Amino acid sequence: MAFFDNDLNSNLEKEGRAEALAKVTGGGKYSAEYKTENITYAVIVGSTVASGKITGIDVADAMLADGVLEIMTHHNKPTVASLASEEKIKESRIGLPVLHTDSIYFKGQPVAVVIAKTLEEAQYAASLVKTLYQQTKANVDFKNTHSLVPLKNEGKERGNIENWKNSAFNLEEEYHIEGEVHHPMEMHATIAIWNGDDKLILYDKNQGVNGVQNTVGKLFGLQTKNIEVITEFMGGGFGSGLRVWPNTILAIMAAKKVNRPVKLMLTRNQMSCLVGYRPESWQKVKLGADASGKFTGLLHDSKNTTSLYENFLENITRISRLAYGFENLKTQMATVPLNLSTPTWMRGPGECTGAFALESAIDELCFTMNKDPLAIRLQNLSDVKDPETGKDWSTNFIRECMEKGAEKIGWNERNLKPRQKKDGDWLIGYGMGIGMWTAGRGKASAALEMDIDGNIVVKTAMTDIGTGTGTSMRNIVHEITGVPLNKIKIDLGKSTLPQAPSQGGSRGLSSISASSNAIAETLKSELIAYAAKINPEFKNLIPSNIILTDSAVQIKNTSTSVSFQKIFSENKLTVIEVEETTEPGALQKNFAFASGAAHFCRVKVNELTGKVKIDRFVSFVDGGKIVSEKPAKNQVIGAVVGGTGMALMEEMRIDKRIGALVAEDLAGYHFAVNADVPIIEVDFINKPDFNLNASGAKGLGEVGIIGSAAAIANAIFNATGKRFRNLPITPDKILKG
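Below or above, wherever it landed, is the structure these notes cover. Bear in mind the structure is a predicted one, so any value in this text is a computation, not a measurement.

Analysis parameters
Residues numbered from 1 in each chain as written. Predicted model: local features only at pLDDT ≥ 70, side-chain atom pairs only at ≥ 80, totals over all residues. Heavy atoms only, no water. Helix = DSSP H or I, 4+ residues; strand = E, 2+ residues; numbered from the N terminus. Rg over C-alpha atoms; globule rule 2.2 N^0.38 Å. Buried < 20%, exposed > 50% of the residue type's maximum accessible area, 1.4 Å probe, protein only. Lys, Arg positive; Asp, Glu negative; His and termini not counted. Charge placed at Lys NZ, Arg CZ, Asp CG, Glu CD. Axes fitted to C-alpha atoms, helices over the stretch in contact; angles between N-to-C directions. Parallel < 35°, antiparallel > 145°, perpendicular 65-115°, else oblique. Left-handed = near helix turned anticlockwise from the far one by under 90°. Contact = heavy atoms within 4.5 Å. Nonpolar A, V, L, I, M, F, W, Y, C, P; charged D, E, K, R; others polar. Phe/Tyr/Trp six-rings, centres within 6.5 Å; stacked < 30°, edge-to-face > 60°. Lys NZ or Arg CZ within 6 Å of the ring centre and 35° of its normal. 1 Å grid on protein atoms, 1.4 Å probe; cavity = no way out; pocket = protein on both sides within 12 Å on 5 of 7 lines; lining within 4 Å. Points joined across faces, edges and corners; volume = space filled by probe spheres on them. Pairing = 2+ DSSP bridges. Expected span 1.5 Å × (residues − 1).

Moving on: the overall build of the protein. What the protein contains, in helices and strands, is 16 helices and 32 strands. Against the 2.2 N^0.38 benchmark of 27 Å for 737 residues, the protein shows a C-alpha radius of gyration of 27 Å, consistent with a compact globule. Its C-alpha atoms give the protein principal-axis dimensions of roughly 80 × 70 × 50 Å. Across the 737 residues in the protein, those meeting the buried criterion constitute 61%. When the 83 basic and 83 acidic side-chain charges of the protein are each reduced to a single mean position, those positions are 3 Å apart.

Following this line, the structure appears as C-alpha cells:
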C-alpha cells in the first residue's frame, strides 16, 4: 500500500487527516514493517564500558548458535570508503566511525553486529559475544566539568556591558537543565537491500529521505540516483530523524556482508544512546532594567554536553537575539566533551533550552521590580524590527498573542505577590513565557498527476513526520483548484519523488506549501490551454478565472465548462502531469521572518506532597495562515506536552561511577502523558505572511515548546514563592524548597 493510498472517502473533511484511515487500520507501513524476500535480522552488541580500547572480541560461541550467518566486528566489517582513515573520517563528518575504530567513547557504542535468520536467533547470539577492553576512566559528570571549559563569544555583540552595569535593577542567576531523550513511539529501524554492488534500497526511519540519500551516497561512494530511500510513515522523531545514525550505516554494511536484505531495529534501551538526545546544559543570565522597566542589557552564557568524537553546539543563546530590544547584548557559549554519545537537535533546538533561562530571569526580575511580567514583556518587545539584523519583521504578531492569551487565561486574576491563592491543600499560581523561532523556507519540489476522471495525486519526497504535511498539501490543492477533497490523494516520503528538504526546524510546510500552490496554479493553466482548443471562451483566461469541479473545468460565475473526459479524449491525453520547484527569492532578503507563541499556565501545587498539577494551559500562536487547523493544533499541543515533560519530569539519569545511563526504558524514563496535562487550549492569530511564501503559512512546530517550560516554572513560583532554576522540578525539590 502506498502512502495515503486509501479508498477514497466521499465524506472527507478538510480538517480530517489524509493518512488517518491507513494509520488506524494498520494499513500504513513503518520502516520495520515492509516485507522483503530472504530477509535477515541484525542485532547490535554494545560496549559494556564507557571508555577504553577493544583488546579482543570472542565470537566463537555466538557463531555456533542456530541461525547465525555472520558476526561483524571492526576486524571483519566491509570497509566504508569514507571511514577508512582518520583523515577521511574527519572529512565525512559522520560522527561516530562505527566499527571502524577500536576506541570506546561511550557505554553502548556498537562493537559488533550479529546477523541471523530470525530476530530471536540474532538476539540470543548477541548475548554470547564476549568483548575484552583495556578500560580507562570515563567522565560523564557535566556538573563538575563544565566550570573547567572556557566560554567563547558567540554572535554579534551589541553595545557594551559597561553601559548597563549600574542599572536600577540587576539580576544574575544560573540555570541547569538535565538531558532529555527523544523516545518517539516508533524506534529507529532500517531495512537495507543491495541490488548488485552499486544500487541500494533503504526503508529507513528518518525526517528527510533526500538527506539520507545524499549522506549514504557520500559514505559508500554511490550515485544518489542509485539509492532509493523510503519513509512513508513515521511514528515520531522530534529531531532524532534529522541525521544518519549508526543503525542505518550498520544495516547497509551488514546487508553487504551477507549479500542478503537485512533488518536492524534498535531496542528501547539503544534509543537512549544511539540516536541523539537534548544535551544537559548550564546557563547564566545577567539581566538589567531601568526604573521604568525598560531592559538595559543582557549577558547570556551557556554550555552543553557533547561527545568526545564530535562537537555539537546547541546554540542555546540564539533565543536572546529574537524577541526583545536589548541595546546591550553579549552571548557566550561552549561545549563540554564527555564519555557520552553525540547529542542532537530536539524539538525547539537551542531556543527551547535558552527560553527557560531567559523567560525565568525576566519573571524573576519583574518580581524584584514589583511589576507585572506581562506588562514588562510588552514594554520591551521588538516586534517591528528584528533586533539582530535591523530589518523589518515581515509579520510579527507576538504582541497580539500575548494580549489575547492573557485575556483568555484570566491573567488579571494573578497576584504580583506569590502564595496568595489557595484551594484546600493546593496553592494556585499563574505563569507565562513566550517563544519565537526564525520562520524560514527552503527549496522544495512537488508534482501532480490528474487522470481522465479528475482524480489527482500530489507527490513530493518530503516525509510527513506526523505534522499533517500530506493533509495540508491536499487542502492547498483543493482550495486553489476546487477539486473535491475525496478526489485528491497524496504520495510522499520516497526519494524517487520530486526532491524536498527534511521535515524539521518548522520549515516543512512553509517550503512545500509554496510548491503545492505552484502545481495547483500550473494545472489550472494547462487545463485552460486544453479547454481553449475546444471552447474559444477559455482563450486568454488566467487561473483565477476558473474553478475545477469533480468532472470539468468551469469558468467562474458562469455555467460554461468543458468536461475532463472531453479534454483528455480530444487532446489524446492519458494523464496530465505538472511539476514545480520553488525556493526563497529576492523578497525573502528584504525582511526578517519569525513565528511566535505566548504560553500562559495556571498550576496547583500541593503543599503536603509537592505534586504539581497543571490546571489550565493556553497557547496563542502566530504561525501565519493556518492551512489545516486540526493538525496545527495537534502540533502545538504535542509541543506543550514536551515542555511539560521538560519542566516537571524528564531527565537522563547517569551513573557517574560506571559512565552508564540508567532508567533507559519507558518504565524508568518519565515523560508527560495524558494524565499530566489538561486540555491544552490553542488559538491562532491566523494572519498570512505572503512575503514568506505564496500560501502565507509560517512554521509553528517549534514555538509550541519554546517558552512553555518557563511558563510552568514561573507559575510554580507564583503559587509557592519558591524559585526553581533547575529542571525538572520534581515533588522532592518542591518540598525541600
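Structure's up, so let's keep going.
When two helices pack together, their arrangement is given by the angle between the helix axes and by the axis-to-axis distance. Close contact between helix α8 (residues 351-369) and helix α15 (residues 708-720) brings their axes to 8 Å; oriented N to C, the two are set at 30 degrees. On the basis of the axis angle, α8 is roughly parallel to α15. Along this stretch, α8 crosses α15, giving a crossing that reads as right-handed. Where α8 abuts α15, its residues A355, F356, E359, S360, D363 and F367 lie against A709, A710, A713, N714 and F717. Taken together, the residues of the contact of α8 with α15 break down into seven nonpolar, two polar and two charged.

Note on aromatic pairs: each is described by the distance of the centres and the angle between the planes. Summed over the entire model, instances satisfying the criterion amount to 14 aromatic pairs. With centroids separated by 5.2 Å and ring planes inclined at 55 degrees, the aromatic side chains of Y105 and Y309 adopt a geometry described as tilted. One end of the pair, Y105, is in the loop between β4 (103-104) and β5 (110-116); the other, Y309, is in the loop between β16 (295-307) and β17 (329-338), with 204 residues separating them in the sequence. For the ring pair W411 and F600, a centre distance of 5.6 Å and an interplane angle of 75 degrees mean the geometry is edge-to-face. Taken together, the residues W411 in the loop between α10 (398-409) and β18 (421-423) and F600 in strand β27 (residues 594-606) connect sequence positions 189 residues apart. Of the two residues, W411 and F600, neither departs from the other in class, the shared state being buried. Of the aromatic side chains, those joined through ring pairs into one cluster are Y105, F106 and Y309. One residue, R243, lies across the ring of W245, its end atom 4.6 Å from the ring centre.

This next bit is on unusual backbone geometry. Trans peptide bonds make up most of the peptide bonds, and negative phi angles are found at most residues other than glycine. A cis geometry characterises the amide bond from L727 onward to P728, with omega recorded as 5 degrees. Residue position: P728 is located in the loop between β32 (726-727) and α16 (731-736). Positive phi outside glycine occurs at R93, with the angle close to 55 degrees. As for its position among the elements, R93 is in the loop between α3 (86-92) and β4. Phi at H183 takes a positive value of approximately 45 degrees, unusual for a residue other than glycine.

Taken as a whole and assessed by the stated rule, the structure comprises eight cavities of 30 Å³ or more. If you add up the space inside the largest cavity, you get close to 100 Å³. The wall of the largest cavity is formed by 15 residues, among which L96, W245, P246, L274 and Y309 lie closest to the centre. Counting residues per element, the ones that place at least two in the lining of the largest cavity are α6 (246-258) and α7 (268-274). Looking at the lining of the largest cavity residue by residue, the classes come out as 10 nonpolar, three polar and two charged. In this model, the second largest cavity occupies a volume close to 70 Å³. In terms of lining residues, the second largest cavity is bounded by D363, C366, F367, N370, K371, P373, R414, L416, P418, F717 and N718. Those elements that place two or more of their residues in the lining of the second largest cavity are α8 and α15. At three residues, the largest contribution of residues to the lining of the second largest cavity is made by α8.

Here we come to the sheet that holds strand β20 (residues 444-450). Strand pairing within a sheet occurs via backbone hydrogen bonds; the two strands may be parallel or antiparallel. Strand order in the open sheet formed by four strands is β22-β21-β20-β26, and the pairing between neighbours is mixed. Edge strands, defined here as strands with exactly one partner in the open sheet, are β22 (488-492) and β26 (576-582). With strand direction ignored, the average angle separating the axes of adjacent strands in the sheet is 20 degrees. In the sheet, β20 pairs with β26 via seven bridges, with the strands oriented antiparallel. Bridging from a neighbouring strand, A447 pairs with E579 of β26.

Counting through the fold element by element, G350 comes out in the loop between β17 and α8. Residue classification places G350 among the buried positions, given a relative accessible area of 0%. Measuring from C-alpha to C-alpha, the distance between G350 and L313 comes to 8.7 Å, with 37 residues separating the pair along the chain. Those residues in contact with G350 that lie beyond four places of it in its chain are E314, N315 and I316.

Turning to the sheet that holds strand β1 (residues 40-46), a few remarks are in order. Across the sheet, which stays open at both edges, the seven strands sit in the order β3-β5-β1-β13-β10-β11-β12 with mixed pairing between neighbours. The sheet is open, and its two edges are formed by β3 (68-72) and β12 (227-230), each paired on a single side. Across the sheet, the axes of successive neighbouring strands diverge by a mean angle of 20 degrees, strand direction being ignored. Inspection of the sheet shows strand β10 (residues 189-194) paired to strand β11 (residues 200-204) by five bridges, in the antiparallel sense. Within the sheet, the bridge partner assigned to A192 lies in β11 and is L202. Along the sheet, helix α4 (residues 119-126) makes contact with β1, β3 and β5, crossing β1 at roughly 25 degrees. α6 rests against β1, β3, β5, β10, β11 and β13 (262-265) of the sheet, and its axis sits at about 30 degrees to β10.

Here α10 is 12 residues long and its end C-alpha atoms lie 16 Å apart, about the 16 Å a rise of 1.5 Å per residue gives. Looking at α10, one finds that the buried residues are I398, E400, C401, M402, G405, A406 and I409. Residues of α10 that are buried sit in contact with α9 (373-380), β19 (426-438), β27 and β28 (612-622). Positioned one or two residues after α10, G410 has a phi angle of 80 degrees, which is positive.

This paragraph deals with the side chain of S394. By secondary structure assignment, the location of S394 is in the loop between α9 and α10. Once residues lying within four places of it in the same chain are set aside, the contact partners of S394 are F591, A592, F593, D689 and N691.

Axis separation between helix α14 (residues 629-648) and α15 bottoms out at 7 Å; the angle between their running directions is 50 degrees. When the axis of α14 is compared with that of α15, the two are oblique. Judged by the twist between their axes, the crossing of α14 over α15 is right-handed. Contacts between α14 and α15 involve A639, V640, G643, T644, M646, A647 and L648 from the former and S708, A709, I712 and I716 from the latter. Here the contact of α14 with α15 is built from residues that sort into eight nonpolar, three polar and no charged.

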